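What follows is the residue order along each chain.
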Amino acid sequence: MRAAARWTSNAGGSRAGSGAYIFRPDGVGQSIACGGGVDSGTIPIDDKKGKEVVLRYASSLDSGANFYTDSNGREYLKRVRDFRPTWNLTITEPVSGNYYPLTAGAYIQESGKAELAVLTDRAQGGASLASGELEIMVHRRTLFDDWRGVAEPLNETMQGCMNCQSVGLIARGKHWLTLQDPGSAALIRRTFQQRMNDPPILSFGALPKQARAGQLQESGLALHFSAVSAALPLNVHLLTLKTLPQDSVLLRLAHLYQVDEHADLAKSAQVNLHKLFALMKLSQVAELSLSANQLQSDVQRLRWQAGKSMSGGAIDEPIYIEQHPAVMCKGSECFDDDLTVVLNPMEIKTFLLQLA
């Protein structure tokens, strides 16, 4: 596998030029050097040309025209180069027309052989412009408007001004690469994605007066604490755990895998709230909507039956989704009930836990 950092000058000065929305590389580009992390530095514009900086990862995988990009860090969507699923595409933008937003990463694969994934620590753009390749745009700077409504160039500087003497904006970040066989690719990619986007956060506080340095064991302080009493399944993420007024706790659990992504981990997962929060005595557990602003049983969501095309065959009458009771338990029921939550692939559930 080969990795290379390049920049390409972008055309400008006319309605066909690169801008905030459209980028049209002018030529094959120039190789540049990067440090241990992704650090494209400031983009020089002394030649009066804007530039796009990309990191291109090339492999021997026969991925064809297919590649996959994440949707808001959750489900990975299949992309096909120079193709749209709902209309016949006329190729007018061979580069920018094949770029997609990345929140967490992208990958290519050769069926039955291997998967190459690139994980990012921030939102960027990505594409696969040739079989076996992934490229990520890490920085860009334009000097002209592309006539798409912004009415200004994308000329960001360190001082936030455009027509000034400030140096251009510096972009830094990290890319993690994984190259795995199909059986373990999703597990490694999802695990590293969580570590990249949700790293542990260290916090420190002053020691109380009775605790002296080197004598913590004798101080009587609790040296270990965990808000959860049991490990979560490998395919479940503790998305939210937040204390609220009136002795209540907001809880969100998210299934990390999508359908058919992994032989075992892409199945339904079960979480027992009694075991997860053994230190808490619950007096009520209620399931809320995703935004936690109403009971799940009060949500009136519509499910529309789609036709064979975007313009015909659809049924206008809405179909309501059946909802199960929102309050899982109340009072003494919370001590006796099983309180097992079932999460299907890609599902997120929100709960309000009332402490006794």
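A quick note: this is a predicted structure, and the numbers were derived from the prediction, not measured. (Residues numbered from 1 in each chain as written. Predicted model: local features only at pLDDT ≥ 70, side-chain atom pairs only at ≥ 80, totals over all residues. Heavy atoms only, no water.)

Undergrad: Looking at this structure, how should I read the sheet that holds strand E8 (residues 105-110)?
TA: In a beta sheet, neighbouring strands are held together by backbone hydrogen bonds and run either parallel or antiparallel to one another. An order of E6-E5-E8-E9-E13 is seen for the five strands of this open sheet, with the pairing classed as antiparallel. Looking at which strands have only one partner, the edges of the open sheet turn out to be strand E6 (75-80) and strand E13 (175-180). The mean inter-strand angle of the sheet, taken between neighbouring strand axes irrespective of direction, is 20°. (Pairing = 2+ DSSP bridges. Helix = DSSP H or I, 4+ residues; strand = E, 2+ residues; numbered from the N terminus. Axes fitted to C-alpha atoms, helices over the stretch in contact; angles between N-to-C directions.)

Undergrad: Looking at this model, I keep getting lost on helix H1 (residues 182-197). Mind explaining?
TA: Given 3.6 residues per turn, any residue in an α-helix points the same way as the ones three and four places further on. The end-to-end C-alpha distance of H1 is 23 Å, a good match for the 22 Å that 16 residues give at a rise of 1.5 Å each. Looking only at H1, the buried set comprises Ala185, Ala186, Arg189, Arg190, Gln193, Gln194 and Met196. Along the long axis of H1, the arc covered by the buried residues comes to 165°, so they all point the same way. Of the exposed residues in H1, those oriented more than 90 degrees away from the buried face are Gly183 and Arg195. (Expected span 1.5 Å × (residues − 1). Buried < 20%, exposed > 50% of the residue type's maximum accessible area, 1.4 Å probe, protein only. Arc of directions from axis to C-beta.)

Undergrad: I tried to follow the nonpolar core on my own but got confused; where do I start?
TA: The tendency in soluble globular proteins is for nonpolar side chains to be buried side by side. Formed by 18 residues in total, the largest nonpolar core has its most connected members in Ile108 and Ile136. Looking at this core, the elements that each hand over two or more residues are strand E1 (2-10), strand E4 (50-58), strand E7 (100-102), E8, strand E9 (114-120) and strand E11 (133-141). Once residues within four sequence positions are removed from consideration, Ile136 is found in contact with Val53, Val54, Leu55, Tyr57, Leu102, Val118, Thr120, Gln124, Gly125, Gly126 and His175. By size, the runner-up hydrophobic cluster in this structure holds 16 residues, among which are Val249, Ala269, Leu276 and Val285. (Core = buried A, V, L, I, M, F, W, Y, C linked by side-chain atoms within 4.5 Å. Contact = heavy atoms within 4.5 Å.)

Undergrad: Would you take a moment to explain the pairing of E11 for this structure?
TA: As a general feature of sheets, a regular strand has side chains that alternate between the two faces. Of all nine residues in E11, eight are buried, a share of seventy percent or more. Where E4 meets E11, eight bridges bridge the pair, whose relative direction is antiparallel. Bridging across to E11, Arg56 finds its partner in Glu135. Inspection of the sheet shows strand E10 (residues 124-127) paired to E11 by three bridges, in the antiparallel sense. Note on E11: the bridge partner recorded for Ala127 is Glu135. In textbook terms, the turn of a hairpin is the stretch between consecutive antiparallel strands, and for E10 and E11 this stretch comprises five residues, one of which, Gly132, has a positive phi near 85°.

In short, shape yes, function no, at least from these values alone.
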